[in-house]
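Reading the structure
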2 protein chains.
Amino acid sequence: MSQKKRGILIVFSGFSGSGKGTVMKELLLCYPDRYALSISATTRKPRALEEDGREYFFKTKEQFEEMIAKNELIEYALYVENYYGTPKEYVEKQLEAGKDVILEIEIQGALKVKQRFPDTLLLFVTPQNADILKERLIGRGTESEEVVYQRLSQASEEALRVEEYDYLIINDTIEDCVKEVHSIIQNEHRRVSRNQEFINRMKEELKRFSKGE
Amino acid sequence: MSQKKRGILIVFSGFSGSGKGTVMKELLLCYPDRYALSISATTRKPRALEEDGREYFFKTKEQFEEMIAKNELIEYALYVENYYGTPKEYVEKQLEAGKDVILEIEIQGALKVKQRFPDTLLLFVTPQNADILKERLIGRGTESEEVVYQRLSQASEEALRVEEYDYLIINDTIEDCVKEVHSIIQNEHRRVSRNQEFINRMKEELKRFSKGE
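Let me begin by describing the structure that accompanies this report. It should be emphasised that the depicted structure is a prediction, and the values quoted were computed from it without experimental measurement.

Locating Ser183(A) in the fold gives a position in helix α7 (residues 174-188). Its relative accessible area of 19% is what places Ser183(A) among the buried residues. Contact partners of Ser183(A), with chain neighbours within four places excluded, come to Ser183(B) and Asn187(B).

Listed by partner, the interface residues are 46 residues for chain B and 46 residues for chain A. Carbon and sulfur atoms make up 62% of the surface buried where chain B meets chain A, a total of about 4,200 Å² over both sides. When the area that chain B buries against chain A is broken down by residue, the three leading residues are Arg190(B), Val192(B) and Phe209(B), summing to 16%. Across the pair Arg190(B) and Glu180(A) runs a salt bridge whose closest N-O atoms are separated by 2.7 Å. Broken down by element, the residue count for the side of chain B that touches chain A peaks at 11 residues, all from helix α8 (residues 196-210) of chain B.

Residue and element names in this part refer to chain B. Two elements in contact, helix α1 (residues 20-30) and helix α7 (residues 174-188), have axes whose closest approach is 9 Å; the angle formed by their N-to-C orientations is 65°. Crossing hand, α1 versus α7: right-handed. From α1, Thr22, Val23, Glu26, Leu27 and Cys30 reach across to α7, where they touch Ile174, Cys177, Val178, Val181, His182 and Ile185. Class assignment for the residues of the contact of α1 with α7 results in 8 nonpolar, 2 polar and 1 charged.

Right, let's talk about the relation of the copies chain B and chain A for a bit. The transform that puts chain B on chain A rotates by 180° and translates by 0.0 Å along the axis, for an RMSD of 0.1 Å. Expressed as an axis order, the relation between the two copies is that of a two-fold axis. Comparing interface residues between copies, 100% of those in chain B also lie at the interface in chain A; the contact surface is shared.

In this section: the sheet that holds strand β5 (residues 73-79) of chain A. All names here are of chain A. The strand order across the open sheet formed by 4 strands is β4-β3-β6-β5, and the pairing between neighbours is mixed. Bordering the open sheet on either side are β4 (56-58) and β5, each of which pairs with just one other strand. Recorded for the sheet is a direction-independent mean angle of 25° between the axes of neighbouring strands. By the bridge criterion, 2 bridges tie strand β3 (residues 40-42) to strand β6 (residues 82-87) in an arrangement that is antiparallel. Looking at the pairing, Thr42 lines up with Tyr84 of β6. Set on the sheet, helix α2 (residues 61-69) makes contact with β3, β4, β5 and β6; between it and β6 the angle comes to about 45°.

A few words now on the nonpolar core. Membership of the largest hydrophobic core comes to 37 residues, with the highest contact counts inside it found for Leu123(A) and Leu123(B). The residues touching Leu123(A), leaving out its near neighbours within four places in the chain, are Ile10(A), Val11(A), Phe12(A), Ser13(A), Tyr165(A), Tyr167(A), Ile169(A), Val181(A), Ile184(A) and Ile185(A).

Here we come to the pattern of salt bridges. For the structure shown, the criterion picks out 36 salt bridges over all chains. Residues Arg194(A) and Asp119(A) are paired through a salt bridge, measuring 3.8 Å at the closest nitrogen-oxygen approach. One end of the pair, Arg194(A), is in the loop between α7 and α8 (196-210); the other, Asp119(A), is in the loop between α4 (107-116) and β8 (121-126), and 75 residues separate them in sequence. The buried category is assigned to Arg194(A), whose relative accessible area is 18%. The shortest N-O distance in the salt bridge between Lys70(B) and Glu66(B) comes to 3.0 Å. Through salt bridges with shared partners, a single network forms among Asp119(A), Glu188(A), Arg191(A) and Arg194(A).

About the criteria used
- Residues numbered from 1 in each chain as written.
- Chains lettered and ligands numbered in written order.
- Predicted model: local features only at pLDDT ≥ 70, side-chain atom pairs only at ≥ 80, totals over all residues.
- Heavy atoms only, no water.
- Helix = DSSP H or I, 4+ residues; strand = E, 2+ residues; numbered from the N terminus.
- Buried < 20%, exposed > 50% of the residue type's maximum accessible area, 1.4 Å probe, protein only.
- Contact = heavy atoms within 4.5 Å.
- Buried area = accessible area lost by both parts, 1.4 Å probe.
- Salt bridge = Lys/Arg side-chain N within 4 Å of Asp/Glu carboxyl O.
- Axes fitted to C-alpha atoms, helices over the stretch in contact; angles between N-to-C directions.
- Left-handed = near helix turned anticlockwise from the far one by under 90°.
- Nonpolar A, V, L, I, M, F, W, Y, C, P; charged D, E, K, R; others polar.
- Least-squares fit on C-alpha atoms with pLDDT ≥ 70 in both.
- Pairing = 2+ DSSP bridges.
- Core = buried A, V, L, I, M, F, W, Y, C linked by side-chain atoms within 4.5 Å.

In structure tokens form, the structure reads like this:
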């Protein structure tokens, strides 16, 4: 049982205002040995207190385009003239070490990852209803009314593609939500499709026994 | 949230000697409000202490064949000149009432059920390895050596179709195994495909908000 199994690649998405960032942070704090958060590469400039290799891998445009050319990114996108992407090497190392690796990316990127790695687990976080979402966006107090409506409009677009995710996680309380995410990921290790090695060994052993060996 | 959701149909199978009967019994004892065990119909004669509607629904051959003709069985099979089958009505009532219904049937029946109801959840219980299976079968002390080898040979056949199940549950201790089965079933309720109503409602609400309503 203690043989090191390969980790699972997980995409964690959710509406802006769903609380997904907080859930993610708590999950990593609670189970630091189980999970690794993928660190994105970007060409945008570091902000105060951001460190290379912690918040992001900061790259020049040339470096980033070289990573694209060499197929070193799982997915990438261009936002407001800056590249953002998921470097493959770090993710691969963590998966090999048996850690479940979490990508916190939006829905477009999520579906690209799933297409390329079909056994990616896609989780989507949502509050109980749209009223709560709106209240949370307003409650932040950091956004103008216009931006709140932009976010809600974006959520409305995103909702159209939620069906392509595997699990829907309702964030009522952070604590329950973290437990639920952890439990879903741990159970995922029990999927038949992720236990082919065990099944093959069992088949061999039973074949021997049924021959009376 | 408290709207009554339809239950999930679950098939619980496992090698003879896997301990699946004990796990099942414990699960139902621990969570009597969540689960209902489907009761099979059979044409075999009741044994001492067996009650109609508890262990089985006891039927005559004519009654059983009428149930087949009227499509009142989810699946059925003939073993040693007796029919065994799963009556649809009881299962349907329990699912409607929001209970998750468990069928404890073998692999052939399981796959028939899955074919007919594609959103059935298929769980397969196994011990850690074939040695343990053999020891358990011998340890029962109720079977001759010949029967033990028959069982192992049957397990060897069954292992060939384990890949068609959804989850593989390793029964190390009954207590952990019961917890794991419960957790897998509960998480199954979070599958996107089982939350279409929630998603549709969310879409409607967000559409209204993004129009500034």
